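A structural walkthrough
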Amino acid sequence: MPELKSFPTSSAAFFGGVRHALTSVFFPVMGGTYIGIGALAHDFGLSALWLTLSTLFVWAGPAQVILISGIGAGAALIEVAIAVTLSGIRLFPMVMALLPLLRTRETRTTDLILPAHFTSVSMWIESLRVLPGIAHAQRVAFCNGLAATYMGIAATFGLVGFYLAAGLPPLFAAALLFITPISFLISTARSAVTMLDRLALVLGLVGGTVLAALQVEFDLLWAGVGGGTIAYLVSRFRKKPVQADV
Amino acid sequence: MSAELWPYIVLMVVGFLPNEAWRLVGLVLARGLNEESQIVLWSRAVATAILAGVVAKLIVFASGSLATIPLGVRVGAVMVGFLAFLLIRRSPLAGVLVGEAVLLIGGYFFAP
């Protein structure tokens, strides 16, 4: 069994996490994504403070995009809340998979509240990859340093996007607003490795457009729950159980 | 209740709580769902479709400065960008950059 990396103190472990975040591939990805989200928040008339708090508290790109575009466009709040919670379900198995890596006999549940809140796709992918090589007792501190840095990057670049969108000529502001749809489309397609996920992606794109064009009430929920359920049923009954990665 | 506080209350009740609840469920349930379980597969499909619906609406029913770019240019930019992603080693960065370039060039020449 290989030697686990150990830090002299828990604050050294925290800063080990900080350093890891600053040099990881997710730095530019997160910067670009949050420039787009910041521009989106500006476009929908939300304040810079609101944007920053949404990054710190919601801390999930898809949920923030749903929230900002939903309340910005004046959708029913209950619809937005349901769409946000449906997009957040994926956090539940992610937290469950992460915690066994962090927990030792001495760990109190209260120590795990922060890592649970910090759980989001990029932090989770990096943690699952890196934590197994870190000494058990220092994993919580390392993980907190990693995630707090990602969050700081996201909040900072969100403000960059917000103020760029406010100051740039319309063509370039449009290009900033375009970051969110194209980057989320491509990253969703990239992680959609199963037939089920790909079908859900296509049905969501088509359903979202058609139902919004027909001005159906709760268009997003119908497109999401309907499209996702159809995709699920089709792939379930078309062949043997689907293989899912992540 | 002052009107300035309203967006922040909405943020907490409509954004924070519905999302955070799942993190707490994951924290509280010591053992539970298999990642391959049917409910997890279904919820992933629904979350994917919802996000896809949001993406489609942001492009087709664009608002603000993005709405000043003609619909054909927006849809064309997404399609070319997506194609670039598929063709250039499935690189998200390549897809986003090509899509952005098409949007900027198209927006410049076909601006109303």
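How each quantity is defined
Residues numbered from 1 in each chain as written. Chains lettered and ligands numbered in written order. Predicted model: local features only at pLDDT ≥ 70, side-chain atom pairs only at ≥ 80, totals over all residues. Heavy atoms only, no water. Helix = DSSP H or I, 4+ residues; strand = E, 2+ residues; numbered from the N terminus. Rg over C-alpha atoms; globule rule 2.2 N^0.38 Å. Buried < 20%, exposed > 50% of the residue type's maximum accessible area, 1.4 Å probe, protein only. Contact = heavy atoms within 4.5 Å. Areas by Shrake-Rupley, 256 points an atom, 1.4 Å probe, with all protein chains shown as cover. Patch = residues over 30% accessible without salt bridge, like charges linked within 9 Å, V, L, I, M, F, W, Y side chains within 5 Å. Salt bridge = Lys/Arg side-chain N within 4 Å of Asp/Glu carboxyl O. Buried area = accessible area lost by both parts, 1.4 Å probe. Polar contact = N/O pair within 3.5 Å; in protein donor to acceptor, adjacent residues only side chain to side chain. Nonpolar A, V, L, I, M, F, W, Y, C, P; charged D, E, K, R; others polar. Expected span 1.5 Å × (residues − 1).

If you tally the helices and strands in chain A, you get 12 helices and 0 strands. Traced from its N-terminal end to its C-terminal end, chain A shows the element sequence α-α-α-α-α-α-α-α-α-α-α-α. Taken over the C-alpha trace, chain A has a radius of gyration of 20 Å; the compact-globule value for 246 residues is 18 Å, and the two agree within 12%. When its C-alpha atoms are laid out on the principal axes, chain A stretches across 60 × 55 × 30 Å. A burial count over chain A gives 56% of its 246 residues as buried. Long-range pairs, those at least 24 residues apart, make up 76% of the contacts in chain A between residues at least 6 apart in sequence. Summed over all atoms, the accessible surface of chain A reaches about 10,600 Å², with 68% contributed by carbon and sulfur.

Residues and elements named next belong to chain B. Turning to its location among the elements, Gly106 is positioned in helix 4 (residues 92–109). Looking at Gly106, the relative accessible area reads 9%, which means it is buried. A C-alpha to C-alpha distance of 5.7 Å links Gly106 and Val73, two positions 33 residues apart in sequence.

There is a patch of nonpolar side chains on the surface, built from Leu77 of chain A together with Leu5, Trp6, Ile9, Val13 and Leu17 of chain B and spanning about 520 Å² of accessible area. Considering every element that reaches the nonpolar patch, the biggest residue donor is helix 1 (residues 6–28) of chain B, with 4 residues. Overall, the relative accessible area of 31% leaves Leu77 of chain A in the partly exposed class.

Opposite the 66 residues of chain B that make contact, chain A presents 89 residues. By the criterion of area lost to chain A, the three top residues of chain B are Trp22, Arg23 and Leu27 of chain B, representing 11% of everything that side buries. Where chain B meets chain A, there are 2 salt bridges. Between chain B and chain A we count 17 residue pairs in polar contact (both at pLDDT 80 or more) in total. Looking at the side of chain B that touches chain A residue by residue, the class counts come to 42 nonpolar, 15 polar and 9 charged.

Moving on to the pattern of salt bridges. Opposite charge on two side chains permits them to pair, given that their charged atoms come into close proximity. Across all of its chains, the model carries 5 salt bridges over all chains by this definition. Among the salt bridges present, the one from Glu126 of chain A reaches Arg129 of chain A, with a minimum N-O distance of 3.0 Å. Note that Glu126 of chain A and Arg129 of chain A are positioned in helix 8 (residues 121–130) at a spacing of 3 residues, about one turn of the helix. Look at Glu126 of chain A and you get buried, because its relative accessible area is 3%. Here Asp197 of chain A makes a salt bridge to Arg44 of chain B, at a shortest N to O gap of 2.2 Å. Of the two residues, Asp197 of chain A sits in helix 11 (residues 195–213) while Arg44 of chain B sits in helix 2 (residues 38–60), which places them in two different chains. With respect to burial, Asp197 of chain A and Arg44 of chain B carry one shared label: buried.

Phi angles above zero are rare outside glycine, and Gln215 of chain A is one such case at about 55°. One can find Gln215 of chain A in the loop between helix 11 and helix 12 (219–238). Within the chain, Arg90 of chain B stands out as a residue other than glycine whose phi angle is a positive 45°. Residue position: Arg90 of chain B is located in the loop between helix 3 (71–87) and helix 4.

Turning to helix 5 (residues 77–88) of chain A, a few remarks are in order. With 12 residues, helix 5 of chain A extends 16 Å from end C-alpha to end C-alpha; this agrees with the ideal 16 Å at 1.5 Å per step. Among the residues of helix 5 of chain A, those classed as buried are Glu79, Val80, Ala81, Ala83, Val84, Leu86, Ser87 and Gly88 of chain A.

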